[in-house]
Amino acid sequence: MSRMLFLILILLFLDLIAYQILKQTSDERIPYPLSLDKHAFIYQKKDLILDEDEEFRFFEYFGILSAKEPDLHYRKENDTIVVIVNDRTICFPYTVKEKEVIEHETVIIKEVPVYLKQPEKETAQSPKEPVSVLNEPYLKLRQSKYSFPAETEISTIIEAVRNAVETNETVTVDYSQVNPNVKGEYPVYFLGEVHSCTLNVEIF
C-alpha cells in the first residue's frame, strides 16, 4: 500500500513540473504579426492534371485566403500555371492527361475486280452445239439471291456469288455495297464485256 502511495506522489510531482514548463513556454512565446489585409494565401485543392485542350479554371484547382478581393491573374505557359496575385508571381507545374485511345474495328469494303475466265470454246466438230451459238457472248445467274448470317467473312460471300454465274465473258464482280456486319439486303453487280446482271445478298 505504501509503495502505491509513493508512486502517486511521484506522478503528482512530475505533473506539477510539466505544468510549470508549459506555462513558462506559453508566457515567453513571441507572436508573429500577420495582416490579412496585405497578404493573400493560395492553396491547391487537387492535382494539376489537365486535358490538353482544357480551358483552365483557376478556382477548380486553387483557393485563395484573403481579407479582401485579391488582384489575381493567371495563365498557362510551358506546362506551368503562372499565378500573379497582388504582384507576387507563383508557378505551379502541371501534367497533361494522356488521351484515351478507343479501339474499334472499321470494316472497309472495296471494289475489287474478280475476273471469271472464259470457258474453253468447243470445236466445230463437237456434236453438242453449233459454233455460231458457242461464239455468242452470254451472262446469266444460276441463283438471283444469297443469304448469309451477319459477320460472315466477305471472302466466303464472294466465293459463293462467283459460283452463281454462267458466262463465256470476262466478268468483273462489284461487291462494294456489301457490308457483312450490318443486316440488310445488298446488290452485287456482275459487269461483263457485253452483258451485266445483279444478284442480291441478304445479311440476316
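Quantities reported herein were computed from a predicted structural model and do not represent experimental measurements. (Residues numbered from 1 in each chain as written. Predicted model: local features only at pLDDT ≥ 70, side-chain atom pairs only at ≥ 80, totals over all residues. Heavy atoms only, no water.)

1. Considering the pairing of strand β13 (residues 196–203)
Only one face of β13 is buried, namely the one carrying C197, L199, V201 and I203, since none of S196, T198, N200 and E202 on the opposite face is buried. Examined bridge by bridge, strand β12 (residues 184–191) and β13 share 8 bridges and lie antiparallel to one another. Note on β13: the bridge partner recorded for Y189 is T198. Linking β12 to β13, which pair antiparallel, is a turn of 4 residues. (Buried < 20%, exposed > 50% of the residue type's maximum accessible area, 1.4 Å probe, protein only. Helix = DSSP H or I, 4+ residues; strand = E, 2+ residues; numbered from the N terminus. Pairing = 2+ DSSP bridges.)

2. Regarding the sheet that holds β12
If you trace the 4 strands from one edge of the open sheet to the other, you get β9-β13-β12-β11, paired in mixed fashion. Sheet topology places β9 (145–148) and β11 (172–174) at the edges, where each strand pairs with a single neighbour. The sheet shows a mean angle of 25° between the axes of neighbouring strands, taken without regard to direction. Here 3 bridges tie β11 to β12, and the two strands are oriented antiparallel to one another. If you follow T172 over to β12, its bridge partner there is L191. (Axes fitted to C-alpha atoms, helices over the stretch in contact; angles between N-to-C directions.)

3. Let's talk about the sheet that holds strand β6 (residues 88–93)
Reading across the sheet, the 3 strands line up as β4-β5-β6 and stay open at both edges, with antiparallel pairing between neighbours. For this open sheet the edge positions go to β4 (72–76) and β6, each flanked by a neighbour on one side alone. Adjacent strand axes in the sheet meet at a mean angle of 15°, parallel and antiparallel pairs treated alike. Relative to strand β5 (residues 80–85), β4 runs antiparallel, the two sharing 5 bridges. Note on β5: the bridge partner recorded for L72 is V85.

4. What to know about helix α4 (residues 154–162)
Side chains three or four residues apart in an α-helix point the same way, a direct result of the helix having 3.6 residues per turn. Among all positions of α4, only I157, I158, A160 and V161 are buried. All buried residues of α4 lie within an arc of 160° about the axis, which places them on one face of the element. Those residues of α4 hidden inside the fold are in contact with β9, β10 (165–167), β12 and β13. (Arc of directions from axis to C-beta. Contact = heavy atoms within 4.5 Å.)

5. Points about the side chain of N168
Within the fold, N168 resides in the loop between β10 and β11. A distance of 2.8 Å separates a polar atom in the side chain of N168 from the backbone nitrogen of Y138. (Polar contact = N/O pair within 3.5 Å; in protein donor to acceptor, adjacent residues only side chain to side chain.)

6. Let's talk about the nonpolar core
Ranked by internal contacts, the top residues of the largest apolar core, which has 20 residues, are V161, V188, F190 and V201. Among the elements of the structure, β9, α4, β12 and β13 are those that each provide at least two residues to this core. When residues no more than four places from it in sequence are discounted, the contact partners of V161 are Y146, V188, F190, L199 and V201. Core analysis: the next-biggest nonpolar cluster, separate from the first, contains 13 residues, L48, L72, V85 and F92 among them. (Core = buried A, V, L, I, M, F, W, Y, C linked by side-chain atoms within 4.5 Å.)

7. With respect to unusual backbone geometry
Positive phi values are uncommon outside glycine, yet N78 reaches one of about 55°. Within the element layout of this structure, N78 appears in the loop between β4 and β5. Of the residues examined, N78 reaches a relative accessible area of 71% and is grouped as exposed.

8. Structural notes on the confidence of the model for the protein
In this model, the protein carries an average pLDDT of 79, and 77% of its residues clear a pLDDT of 70 or more. Looking across the protein, the model is least confident in helix α3 (residues 131–134), with a mean pLDDT of 48, and most confident in β9, with 94. Within the model, the stretch residues 104–112 combines pLDDT values under 50 with 13 contacts to residues more than four positions away or in other chains. (pLDDT = per-residue confidence, 0-100.)

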